[in-house]
Amino acid sequence: MNGATPNPEAAVVWSEIVGDARLYPSPHNSQPVKLRPTTARTAELFYDLDLGLPAESFGIPFAHVCAGVFLETLRVVALAAGFEARETLDHAEMDFEGEDRLHRFARVTLVPVELDPEQKLEAEIALERIRTRRTSRRPYRRASVPAEAIAAAERICADAGYEFRHTGDRALVRRIVHVNQATLFDDLENDAVYDEIMTWLRFSKREAAERADGLSAEAMLLPGRILRFAMAHRGMWRAPVVGAAIRGVYLNTMRGVHELGWIEGPFDGPRDYIEAGRTFMRVWLELHRRGVVLHPFGTVITNPRSHVLFAEAVGAREGEGRMAWMLFRLGYSAYPPLALRRAAEAMILDDRKEETR
Ligand SMILES: Cc1cc2nc3c(=O)[nH]c(=O)nc-3n(C[C@H](O)[C@H](O)[C@H](O)COP(=O)(O)O)c2cc1C
């Protein structure tokens with residue numbers, strides 16, 4: 001990269017970088033990544049195991065997926081600030097039972113780069129995408145995603161050794177949307193998963209604002225009172241009348257789903273999981289750039305029963321270290337509600353003085 005030079009001496013405050021990097025998406029919006037600055041240009045990245053979701057069958061691999069999502073976000077944010085985020089990854093498995101609650105997954109060094117004006121503009125636009133991307137759980141318009149957008153997602157996946165697949169087949173889409181809804185019911189019958197979800201649900205706007213994390217009723221497009229009632233009476237979900245009503249409220253938010261996308265490929269250990277997360281975030285940002293929204297159906301992947309139903313329905317090629325590791329609906333919708341993030345300080349481990357002494 002060459003051309004006009006940003007001021008390489010500009011003091012980089014990690015909290016500034018974190019100010020945008022904290023917008024990375026995480027399952028249940030649990031925001032598990034923590035950053036410990038070691039110098040003005042170096043930091044260690046941790047996954048806070050107390051903010052993980054190990055109860056789901058693939059919850060542990062998904063922790064590394066989330067780390068990969070974060071690394072891609074950090075790369076984009078750092079570049080807009082004039083830095084290449086150079087990583088040294090740690091591919092150890094996460095130990096959710098252990099005493100040490102912080103799992104280090106990377107060391108990062110910010111290396112100044114010279115961007116020409118065009119590259120600088122591109123980097124700033126990419127940052128804007130980080131700032132405006134949101135999960136859309138709203139009803140989608142019945143419109144297909146253009147072939148160029150699909151081709152772009154396919155290219156991103158192929159470059160990383162994955163396969164992007166999609167379907168607009170009405171019957172198949174409908175079937176999988178129902179699998180996604182049934183996953184919720186199935187998950188709630190598993191006590192560990194139920195307890196985990198309850199930790200992250202925010203039923204009122206006030207609660208969502210106070211905690212600035214988790215899944216708010218507003219972001220899920222469900223009335224808080226109905227969500228609270230339904231969650232408190234999970235036994236009723238199978239009841240004929242009330243169950244059907246709750247299912248109806250939920251499926252109503254899925255109106256207009258026209259297309260589903262999923263990604264298949266190597267998913268066999270932390271190295272793969274991290275690369276999967278990075279690739280997923282690249283796809284998400286690229287689709288967002290083109291005005292396409294998406295809604296991950298991660299729980300269909302992590303729930304074993306749903307996973308089998310989905311993989312069979314789409315004929316996913318799985319086994320020998322390969323998996324269909326992400327599924328989402330994609331399309332066009334009104335701009336979705338905001339999922340709040342904790343303040344930047346909450347992400348920074350404040351033992352900096354200890355570390356740099
Ligand atoms: C790996 C991954 C899996 C996810 N799985 C689901 C899911 O199964 N269902 C869902 O509604 N949202 C899912 N999400 C979306 C998150 O809940 C969402 O990103 C988070 O609440 C923050 O909201 P935002 O994307 O609007 O910033 C997933 C996100 C990621 C990164």
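Nothing here was measured: the structure is a model prediction, and the numbers come from that model.

Conventions we followed
- Residues numbered from 1 in each chain as written.
- Predicted model: local features only at pLDDT ≥ 70, side-chain atom pairs only at ≥ 80, totals over all residues.
- Helix = DSSP H or I, 4+ residues; strand = E, 2+ residues; numbered from the N terminus.
- Rg over C-alpha atoms; globule rule 2.2 N^0.38 Å.
- Buried ≥ 20, exposed ≤ 12 C-beta atoms within 10 Å, placed from the backbone.
- Contact = placed C-beta atoms within 7 Å.
- Near = placed C-beta within 6 Å.
- Nonpolar A, V, L, I, M, F, W, Y, C, P; charged D, E, K, R; others polar.
- Domains from an automatic or database assignment.
- Pairing = 2+ DSSP bridges.
- Axes fitted to C-alpha atoms, helices over the stretch in contact; angles between N-to-C directions.
- Expected span 1.5 Å × (residues − 1).
- Parallel < 35°, antiparallel > 145°, perpendicular 65-115°, else oblique.
- Left-handed = near helix turned anticlockwise from the far one by under 90°.

Outline the overall build of the chain, supporting the account with residue identities and numerical values.
Summing up its helical and strand segments, the chain has 13 helices and 10 strands in all. Its C-alpha atoms give the chain a radius of gyration of 20 Å, near enough to 21 Å, the size a compact globule of 357 residues would have. Overall, the chain is about 65 × 45 × 40 Å in size when its C-alpha atoms are taken along their principal axes. Across the 357 residues that make up the chain, the buried fraction comes to 41%. Within the chain, contacts between residues separated by at least 24 positions form 80% of all contacts whose residues are at least 6 apart in sequence.

An account of the site of the ligand is needed here, citing residue identities and associated values.
With respect to spatial proximity, 18 residues lie near the ligand, and among them Pro25, Asn29, Thr135, Gly298 and Ala339 are the closest. At the level of secondary structure, the elements contributing two or more residues to the shell around the ligand comprise helix H2 (59-80) and helix H11 (298-302). Ranked by the residues each element gives to the shell around the ligand, the list is headed by H2, at 4 residues. Across the shell around the ligand, the residue classes break down as 10 nonpolar, 6 polar and 2 charged. Two domains share the shell around the ligand, each providing at least three of its residues, namely domain 1 (14-135 + 339-356) and domain 2 (147-331).

Lay out the sheet that holds strand S10 (residues 322-331) in plain terms, naming residues and giving numbers.
An order of S5-S8-S10-S9 is seen for the 4 strands of this open sheet, with the pairing classed as antiparallel. Of all the strands in the sheet, the pair left with one neighbour each is strand S5 (163-167) and strand S9 (293-296). Taking each pair of neighbouring strands and ignoring which way they run, the sheet shows an average axis angle of 30 degrees. Contacts between helix H4 (residues 147-159) and the sheet are confined to S5 and strand S8 (259-266), with S5 contributing the most and set at about 150 degrees to the helix.

Any chance you could break down H2 for me, citing the residues and the numbers?
Taking 1.5 Å per residue, 22 residues should reach 32 Å; H2 reaches 32 Å between its end C-alpha atoms and fits that length. Burial runs high along H2: 20 of the 22 residues are buried. A positive phi of about 90 degrees marks Gly82, the residue just after H2.

An account of the packing of H4 against helix H10 (residues 270-289) is needed here, citing residue identities and associated values.
Running from amino to carboxyl end, H4 crosses H10 at an angle of 160 degrees, the nearest separation of the two axes being 9 Å. In terms of axis orientation, H4 runs roughly antiparallel to H10. Helix-helix and strand crossings are classified by hand; for H4 and H10 the assignment is right-handed. Residue-level contacts link Ala149, Ala152, Ala153, Ile156 and Cys157 of H4 to Thr279, Arg282, Val283, Glu286 and Leu287 of H10. Taken together, the residues of the contact of H4 with H10 break down into 7 nonpolar, 1 polar and 2 charged.

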